[in-house]
Amino acid sequence: AQTVTQSQPEMSVQEAETVTLSCTYDTSESDYYLFWYKQPPSRQMILVIRQEAYKQQNATENRFSVNFQKAAKSFSLKISDSQLGDAAMYFCAYRSAYGSARQLTFGSGTQLTVLP
Amino acid sequence: SQTIHQWPATLVQPVGSPLSLECTVEGTSNPNLYWYRQAAGRGLQLLFYSVGIGQISSEVPQNLSASRPQDRQFILSSKKLLLSDSGFYLCAWSLKGGGSYEQYFGPGTRLTVT
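Residues numbered from 1 in each chain as written. Chains lettered and ligands numbered in written order. Predicted model: local features only at pLDDT ≥ 70, side-chain atom pairs only at ≥ 80, totals over all residues. Heavy atoms only, no water.

(A) Structural detail: the overall build of chain B. In terms of regular secondary structure, chain B is built from zero helices and eleven strands. The C-alpha radius of gyration of chain B comes to 14 Å, within 12% of the 13 Å expected for a compact globule of 114 residues. In terms of its C-alpha atoms, chain B occupies a principal-axis envelope of roughly 40 × 30 × 20 Å. Looking at chain B as a whole, 49% of its 114 residues are labelled buried. (Helix = DSSP H or I, 4+ residues; strand = E, 2+ residues; numbered from the N terminus. Rg over C-alpha atoms; globule rule 2.2 N^0.38 Å. Buried < 20%, exposed > 50% of the residue type's maximum accessible area, 1.4 Å probe, protein only.)

This is the structure:
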């Protein structure tokens, strides 16, 4: 079974600065997908960014980018020019490319605080 | 566009009472459906998933059950609630097939068992 580990329960960043959230995972599969979800105080889960394991190029979405290291099984999220609205719980998630159910395995989350 | 609804938004139930949470999806057909539970300050735990009507897979054995009576309707139930059932329950859907399809989440139900 796959596991996802987020070793930073809490992080803080100054507004306009850059912060990196860590995520590692364990799998024996070669093809899979990785996601970062954001959960603001409203509790609505919002997709931030996704990465296909077969792509070497790191995904980027505006101020959000990932550092995907497949051999190290590491998938960190970098938030540049942090804004107050980025304050949320961030979850890393893994999904196998095999099987019909496509279920996600989540990490325990990192609570990000953005300081004005 | 697709939308996902959950109700109720908030529920307070006594121990031993029954439970029924409903989730419906609009704007798509034959989706995969999922129930997650999130304890306070914790990650999401997958409870059930369904790839079609009447097809339910359980990830965690417990006193909860799920049913999918219609293509876009997913119900989470319990005959007798326990204190440990308190939490935030999220329903989600995704497309079938290959590809980096994300899961789309509903607004959630906050359940407090007293």
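Moving on from the model shown.
(B) Summary view of the nonpolar core. Residues Tyr25, Trp36, Phe75, Leu77 and Tyr90 of chain A are the most contacted members of the largest nonpolar core, which totals 25 residues. Of all the secondary-structure elements, those providing two or more residues to this core are strand 3 (19-21), strand 5 (32-39), strand 6 (46-52), strand 8 (64-69), strand 9 (74-79), strand 10 (88-96) and strand 12 (110-115) of chain A. The dominant element in this core, judged by the number of residues it contributes, is strand 10 of chain A, at four residues. Residue contacts for Phe75 of chain A: discarding those within four places in its chain leaves Cys23, Tyr25, Leu34, Phe35, Trp36, Gln51, Val66, Asn67, Phe68 and Cys92 of chain A. By size, the runner-up hydrophobic cluster in this structure holds 21 residues, among which are Phe91 of chain A together with Leu46, Tyr49 and Phe88 of chain B. (Core = buried A, V, L, I, M, F, W, Y, C linked by side-chain atoms within 4.5 Å. Contact = heavy atoms within 4.5 Å.)

(C) Region of the structure containing the sheet that holds strand 3 (residues 19-26) of chain B. Residues and elements named next belong to chain B. Taking strand neighbours across the sheet as the criterion, the four strands line up as 1-3-8-7 in an open arrangement whose pairing is antiparallel. Every other strand in the sheet has two partners, leaving strand 1 (3-7) and strand 7 (64-70) as the edge strands with one partner each. On average, each strand axis in the sheet is tilted by 20° relative to the strand beside it, whichever way the strands run. Bridging between strand 1 and strand 3 involves five bridges; their strand directions are antiparallel. For Ile4, the partnering residue across the bridge sits in strand 3 and is Val25. (Pairing = 2+ DSSP bridges. Axes fitted to C-alpha atoms, helices over the stretch in contact; angles between N-to-C directions.)

(D) Looking closely at the packing of aromatic side chains. Residue and element names in this part refer to chain B. Tallied over the full model, the rule gives 15 aromatic pairs over all chains. Relative to Phe105, the ring of Tyr36 has its centre 5.6 Å away and its plane inclined at 40°; by these criteria the two rings are tilted. Taken together, the positions of Tyr36 in strand 4 (residues 32-38) and Phe105 in strand 10 (residues 104-105) put the pair 69 residues apart, joining distant regions of the chain. Looking at Tyr36, the relative accessible area reads 0%, which means it is buried. (Phe/Tyr/Trp six-rings, centres within 6.5 Å; stacked < 30°, edge-to-face > 60°.)

(E) Focus on the environment of Phe35 of chain A. Residues and elements named next belong to chain A. With respect to the secondary-structure elements, Phe35 resides in strand 5. A relative accessible area of 0% places Phe35 in the buried class. Distance from Phe35 to Ala93, taken between C-alpha atoms, is 5.0 Å for residues 58 residues apart in sequence.

(F) Looking closely at the state of the cysteines. Under the definition given, this model contains two disulfides over all chains. The side chain of Cys23 of chain A participates in a disulfide bridge whose partner is Cys92 of chain A; the two sulfur atoms lie 2.0 Å from each other. Where Cys23 of chain A bonds to Cys92 of chain A through sulfur, the torsion about that S-S bond is close to -70°, and the disulfide is left-handed. A residue pair is termed long-range when its members are at least 10 positions apart, and Cys23 of chain A in the loop between strand 3 and strand 4 (24-26) and Cys92 of chain A in strand 10 qualify at 69 residues. Its relative accessible area of 1% is what places Cys92 of chain A among the buried residues. Across the disulfide, Cys23 of chain B is cross-linked to Cys91 of chain B (sulfur-sulfur distance 2.0 Å). A torsion of -75° about the S-S bond marks the disulfide between Cys23 of chain B and Cys91 of chain B as left-handed. Of the two residues, Cys23 of chain B is situated in strand 3 and Cys91 of chain B in strand 9 (residues 87-94); the sequence distance between them amounts to 68 residues. The pair formed by Cys23 of chain B and Cys91 of chain B is uniform in burial state, with each residue classed as buried. (Disulfide = S-S within 2.5 Å.)

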